[in-house]
Structure formats: structure tokens, C-alpha cells
Amino acid sequence: MGGRTHVLRADLSAGTVEREPVPEAWRRRVLGGKGLGARYLYDELDAGTDPRGPENLLAFCVGPLSGALPGEQRYAAVTKSPLTGLFLDSYAGGDFAARLAGSLDDCLALLVTGESDEPVRITISEGDATIEPAETWGADTVETAEAHPDAAVACVGPAGEREVAYATIASDAGDHHAGRGGAGAVMGAKGLKAVLALDGPAGPPTEALATLREEYTADYAADDTGRWQAAGETLESIDFANEVGALATEGWQKGQFEAADDVGIGAAQEASVGREHPDEAVPGGFRIETDEGETVPRGATPMTLGAGLGVDDFDAVAALGELCDRLGVDVITAGNAVAWTVRAAEQGAVDADVEFGDPDSAQALIKAIAEGENAAGSSSIDPAIAAALREGVDATAAEFGADTIPTVKSMELPAYDPRAAAGMALAYATSDRGACHRRARPIEREVFDAWDRDERVTAVVAAQDTRSVLWSLVADDFAGETMWQDCGATFMTALAESTGIDYPTEPAALRRTGERIWTLVRLFNAREGADRGDDALPEPLREPIADGPAEGERIDPDAFDNLLDAYYHARGWSDDGLPTAATLDRLDLTALRDGATPVGDAGDATSTAFDQPPERTNDHD
């Protein structure tokens, strides 16, 4: 059998869908998922393409091993971000991801281009797709899913329709989100309300892969990551971050939240009416009943909407999270937007009736951002502030002042405060999509160990490369821990044997594939003008944490610059953060690079960080 060999291309301007073969060289060298999405973006977009324009590409990608890997199936939404103006990949699991893989059949992706004059939906089944009118424009994410009971649904809510720069693509009635960076705004700008997957989930394509999936699923349930996931999903994150003084509290002013226990895992367990997958060894998140229905809060919800906003009531935090889920807006950026407004009002930069500890005022502001002036309770919100916040904290601070919330590449930081762990600051700064704790998250080891500069660099580079290859397969981020040491080589060997494709099957070759994909994304961002300045230390992190175990900790700018120099050296990039010609040659990227993409003039082109297997972690959220 040949595996997944095609993509579907839906041109919304023309109203057509076509099947296209994926070059075998692309499948061997970038696999699928993140890597394939990056390859299409680099190949088809010009520098300066408007993320909300018809020329932008939105890819719903699966991987060559979708259906065959342990844990929850996932898909990657890949596009150019309206929040950052750079590369964006965002991931979601659940029923839609599983049924998307089944409905795509022998295809690796649905590529969406153009824009429709009227709202549409795309329906996928048996490796084909149709474009149809959408009757649910104006509905929230839960209502949209309920309108299509026979399909698995990924859609935008009001935030995506209004093209909020951090709107999500919500699936499974808002239980899962391709969240950060605004893929939902791209979808809304194209007039695409929903993608429907009609077929059942994809299963392992061969008996050998089915056996491997069984074995690795058992390993995942038995190892440390699987056990803490089974105990508390990602909600344990707030307890850990609070314990070590790295929990960003009340707009990044403190490192601990006194009421963390009131909004953390214990509170969730007490309020829970069940788990997402109660019959499985790793049963998923906690289901919480609210006045509006039901929600499944993840770790970012109590961290950003609880501690970050000083809200100490779990029911109120869960309700804020559910509001974001229904509106289709990223929880992390929404929470930071509210926190910025509170601090800006305290400094006199804006006039806004929003306070820390007040969930009602936070709810009114989030509604005003996502729904506009007609949102319930928005009369107390200055429309100019809400309009600015639709473009993110950076854009709002540029207009009104009050540079209080840290961002990287215009993406707001998650609630792990890196002032307690300099390696985490490096991970945020060098993240390819903007501030992200999922590319590399060394904080759990670093806060307990006295790491030196090179140990921090090695950990970050290895994690970025390893996750790049796993997210191209596409693996569950946590179940993927069972493949951490060999980067999925066991599975890739079985796939290569069944398809006859010369996939990389050795761990070192797969880590090199991850480095190739990471560097390809850097080329895309460099073509958009990104360089060392975009990897800079956010100004708020230069100020010390006010209290807690990490009280007084700050990121020293000179030490950070030295850390960044070492990172570029390890990657074989120049001092200004650009891959050198020698590095591109080593990674077989020379022929791909176009004339609009700058390369570095100097740098070490003999990176060795990818040759070292990354250490295992019990990373959270």
C-alpha cells in the first residue's frame, strides 16, 4: 500500500476542490503535519502576504502515521498568523482530529485558499470534499457543532467571524481548539464557517502498526507522563508553577497566587461530573457543569484566567474558559488582554472599569472583543480599547502605551514565568510561532537543577527538533513521550516497510528531519523580515518577580544575549539569527531557498545538538 500520497485543495474563490499528489521527496523529507504545512507555505506564499487575504493558505494537516500512534489523534492547522505575521502551527485532538484523518483517506491535508463572498462549509468524506453554503454564520462553536450531529465539526465562533487576531478553530463543540496565533481569524476571513468530517476515525493501516500502537499505548499509560495525565490532565500545571514561584499572577506582577488551591486540580476534581474518556486508561480532562452547559478546562484556564486575573473562584474561572470556548478565542491571549487592560487602567493609560479579581468585568471585556459593541454588558467597555485588543496586546500597547505584558513575536506568553528559569526564557524567545511553552519546556527540570548555559541550549534545541518531527507525524504531544528517545523510528520503520517509501527510520535521521523542519520555518520567518530582534527578551521580564519562592528573580539582558548567542551557534545560524548557507547545505535546504530569503553571513554550520537525544520530562500543559 502507498500510504497517504495526496492533498485536497479547496479554492474558495473559484468554488472548486481538486486532488493533488504530494511529491514523494516532500513526504520523505518533511513527512506531514507541521513539516508538510511549512513546505506548502514556503512554496506558495510571497513575503508580505496578508494573513487575512485570499492569498494566504490554511492547511488542515494529518500525518503519515495518523491512526497508528498511541494516545489521542491530532491534526495541525498551519497558516500565516494574523497575530504575529509569521508562521503558525496549532494543534488539536479529539473526535474531529480522528475523523478528519479517516475522512481524508489517502490524503495528508486539506489546503484552503481564496475566499468566499458568502459563508461556506467544507465537507470531507472518502478522500474527497465539497464546498457548500453555511447556514450557521453567527452561531457560537457549540451551536455550530449541534447543527451537524452526524459529522465531526471544526469551526469558528463569533471571534473568528470578526477576524480577531487570536481566534481559534474550535472542534468537538468547543472542547478542543487549534488555539494560538489566530488560525480562526484566517478561516473567518475566508468566509469558511466550518469543516465537517463525515467518516469514522482512521485506524492503523497495517497489522504491524496496530501492534505497535497497542504496545506504546500501554507504555504511555504506565509511564510518569501517562500517570499524571490520568490523575489530572494538564490542570496540575497551576499547582507546579505556583509551588516553584513561576505562576504569572495579576498581570505578571507576582510569581505566586495565594488562592491557587481554590482554582487548581483539587477544585476541578471536586466540581467534576466526569472525565472526557472515562473508560480509557488516560481518561482525559474533567467535565465541569456551568450555567451555559458543560466545559472541559485545561491547565491554561486556571493559570491565565484564574491566577493571571486574580480570580479565586473555580466556578467563575470555568465559566470564563467556557465563554472563550464558545466564542472561539484563545484563552491565553484573552486572559493577557484583560490583564493588560487592568494594568493600563491602573497606570492611567486607558479608562476602563476592569479589575483583578472581578470575573464579571473580565467577561464583559472578552465579549466586547469577540462580539463587538452589541455584546451583552459591553456598554462599560470603550469600543476603541476592544477594537485595539482584537489585534493583540502588542498592537494595543503600541496605541495606548503601558508595556506591561510580555510577548515574543507579538504573541503573549503563557503563564509559566521564565524569570524563575532562564532556559524557559530562551524557549519562549526562539519559539518559531511566538511565545510558546509547547515547543520546548525545560522549566520542570531547570528549577530544580543548577543548569549552565550549554545545558539550557542543548535542552531547548533538542526539544524543538524532536517535537518538530513528532508534530509532523502527527503525534499526541504527551503520548509522544513514549517515542521521545527514538523520535518515532520504530513506527517509521514499519511504515517504510509497508509503503516502500524511503522514510528516515533511524533516530539520528529523524532528529535531523526535525532540525530541517525547524530551519525551514526559520527561513519562512526570515523571508517575512524576522531576525535576532524578534527573539529579544521581553521588557517586562527585566523587572524582578515581586514575591514567592522566586522573589527578586529577573532575566539579566546581558546573560540572555549570551544564551542566545550560544543557541544560534548550536543551530549553525549567524549572530543575527539567520541560517547560514553551510547549514542549509547540511540540511539539504539549499535548493529550496528562494532569492527573497536572507541567509546568515557567518556562524557555526556544524550543529551537534540534534545528535543528542533529549532528556525525558514530565512536562505540563
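What counts as what
Residues numbered from 1 in each chain as written. Predicted model: local features only at pLDDT ≥ 70, side-chain atom pairs only at ≥ 80, totals over all residues. Heavy atoms only, no water. 1 Å grid on protein atoms, 1.4 Å probe; cavity = no way out; pocket = protein on both sides within 12 Å on 5 of 7 lines; lining within 4 Å. Points joined across faces, edges and corners; volume = space filled by probe spheres on them. Helix = DSSP H or I, 4+ residues; strand = E, 2+ residues; numbered from the N terminus. Nonpolar A, V, L, I, M, F, W, Y, C, P; charged D, E, K, R; others polar. Expected span 1.5 Å × (residues − 1). Buried < 20%, exposed > 50% of the residue type's maximum accessible area, 1.4 Å probe, protein only. Arc of directions from axis to C-beta. Contact = heavy atoms within 4.5 Å. pLDDT = per-residue confidence, 0-100. Axes fitted to C-alpha atoms, helices over the stretch in contact; angles between N-to-C directions. Parallel < 35°, antiparallel > 145°, perpendicular 65-115°, else oblique. Left-handed = near helix turned anticlockwise from the far one by under 90°. Phe/Tyr/Trp six-rings, centres within 6.5 Å; stacked < 30°, edge-to-face > 60°. Lys NZ or Arg CZ within 6 Å of the ring centre and 35° of its normal. Pairing = 2+ DSSP bridges. Core = buried A, V, L, I, M, F, W, Y, C linked by side-chain atoms within 4.5 Å. Salt bridge = Lys/Arg side-chain N within 4 Å of Asp/Glu carboxyl O.

## With respect to empty space enclosed by the protein
According to the stated counting rule, one finds 4 cavities of 30 Å³ or more in the structure shown. For the largest cavity, the calculated volume is near 70 Å³. Lining the largest cavity, in full, are Ala248, Gly251, Trp252, Met303, Thr304, Gly308, Gly335, Asn336, Ala339, Leu413, Pro414 and Ala415. Taken together, the elements giving at least two residues each to the lining of the largest cavity come down to α12 (300-306) and α14 (331-346). Element by element, the count of residues in the lining of the largest cavity is highest for α14, at 3 residues. Of the residues assigned to the lining of the largest cavity, the class counts are 7 nonpolar, 5 polar and no charged. In this model, the second largest cavity occupies a volume close to 60 Å³. Together, Leu65, Ser66, Gly67, Ala68, Leu69, Pro70, Gly71, Glu72, Gln73, Arg74, Val474 and Asp476 line the second largest cavity. Here the residues of the lining of the second largest cavity sort into 5 nonpolar, 4 polar and 3 charged.

## So, helix α7 (residues 207-222)
Between the first and last C-alpha of α7 there are 23 Å, a value that for 16 residues agrees with the 22 Å anticipated at 1.5 Å per step. Along α7, the residues that are buried comprise Leu209, Leu212, Tyr216 and Tyr220. What you see down the axis of α7 is that its buried residues fit within an arc of 70°, all on one side. Set apart from the buried face of α7 by more than 90 degrees, the exposed residues are Glu207 and Glu214. Buried residues belonging to α7 abut α8 (224-232) and α21 (489-499).

## Considering the confidence of the model for the protein
Across the protein, pLDDT averages 93, with 96% of residues at or above 70. Here residues 603-621 scores under 50 on pLDDT; set against residues more than four positions off or in separate chains, the count is 74 contacts.

## Remarks on the packing of helix α18 (residues 422-430) against helix α23 (residues 557-571)
Running from amino to carboxyl end, α18 crosses α23 at an angle of 60°, the nearest separation of the two axes being 11 Å. In terms of orientation, α18 lies oblique with respect to α23. Pair α18 / α23 crosses with right-handed handedness. Counting all contacts with α18, which are made through Ala422, Ala425, Leu426, Ala429 and Thr430, the residues of α23 involved are Phe560, Leu563, Leu564 and Tyr567. Partitioning the contact of α18 with α23 into residue classes produces 8 nonpolar, 1 polar and no charged.

## A look at the packing of aromatic side chains
Given two aromatic rings, one states the distance between the centres and the angle between the planes to describe the pair. Using the criterion set out here, one finds 13 aromatic pairs in the structure. Between Trp228 and Phe478, the ring centres sit 5.7 Å apart and the planes meet at 80°, which makes this aromatic pair edge-to-face. In this pair, Trp228 sits in helix α8 while Phe478 sits in the loop between α20 (453-470) and α21, placing the two residues 250 residues apart along the sequence. Exposure class is identical for Trp228 and Phe478. Each is buried. Aromatic pair Phe240 and Tyr416: ring centres 6.3 Å apart, planes at 70°, arrangement edge-to-face. One end of the pair, Phe240, is in helix α9 (residues 236-244); the other, Tyr416, is in the loop between β17 (411-412) and α18, with 176 residues separating them in the sequence. Like Phe240, the residue Tyr416 is buried in the burial classification. Site record: aromatic cluster; members linked through ring pairs are Phe60, Tyr75 and Phe96. Residue placement shows Arg275 over the ring face of Phe286; its charged tip is 4.1 Å from the ring centre.

## Regarding the sheet that holds strand β5 (residues 87-93)
Ordered in space as β2-β1-β6-β3-β4-β5, the 6 strands form an open sheet in which the pairing is mixed. The sheet terminates laterally at β2 (16-21) and β5, the two strands that pair on one side only. Averaged over all pairs of adjacent strands, the angle between their axes in this sheet comes to 20°, without regard to strand direction. Looking at chain direction, strand β1 (residues 6-11) and β2 are connected through 6 bridges and run antiparallel.

## Describing the nonpolar core
Ranked by size, the top nonpolar core spans 113 residues in total, and within it Leu65, Tyr166, Trp340, Ile366 and Tyr567 carry the most contacts. At 9 residues, α14 tops the list of elements feeding residues into this core. Apart from residues lying up to four places away in sequence, Leu65 is in contact with Leu209, Leu473, Phe491, Met492 and Leu495. Leu58, Val62, Ala77 and Ala129 belong to the second-largest nonpolar core, a separate cluster that totals 34 residues.

## A short note on the layout of surface pockets
Computed from the structure, the second largest pocket encloses a volume of approximately 390 Å³. Taken together, 17 residues form the lining of the second largest pocket, with Asp291, Glu292, Ala319, Glu322 and Gln363 sitting closest to its centre. For the lining of the second largest pocket, the secondary-structure elements that each account for two or more residues are β14 (286-290), α13 (314-327) and α15 (359-371). The element that contributes the greatest number of residues to the lining of the second largest pocket is α13, accounting for 7 residues. Split by residue class, the lining of the second largest pocket holds 6 nonpolar, 2 polar and 9 charged.

## Thoughts on the pattern of salt bridges
Tallied over the full model, the rule gives 41 salt bridges. The partner of Asp465 in a salt bridge is Arg571, with the nearest N and O atoms 2.9 Å apart. Of this pair, Asp465 sits in helix α20 while Arg571 is found in helix α23, placing the two residues 106 residues apart along the sequence. The pair formed by Asp465 and Arg571 is uniform in burial state, with each residue classed as buried.

## Looking at unusual backbone geometry
Across the chain, the bulk of peptide bonds are trans and the bulk of non-glycine residues have phi less than zero. Cis geometry is found at the peptide bond from Leu473 to Val474, where omega equals 0°. With phi around 65°, Ala402 is a residue other than glycine that occupies positive phi space. Note on placement: Ala402 falls in the loop between α17 (393-400) and β16 (407-408). In this model, Asp588 sits at a positive phi of 60°, which is unusual for a non-glycine residue.

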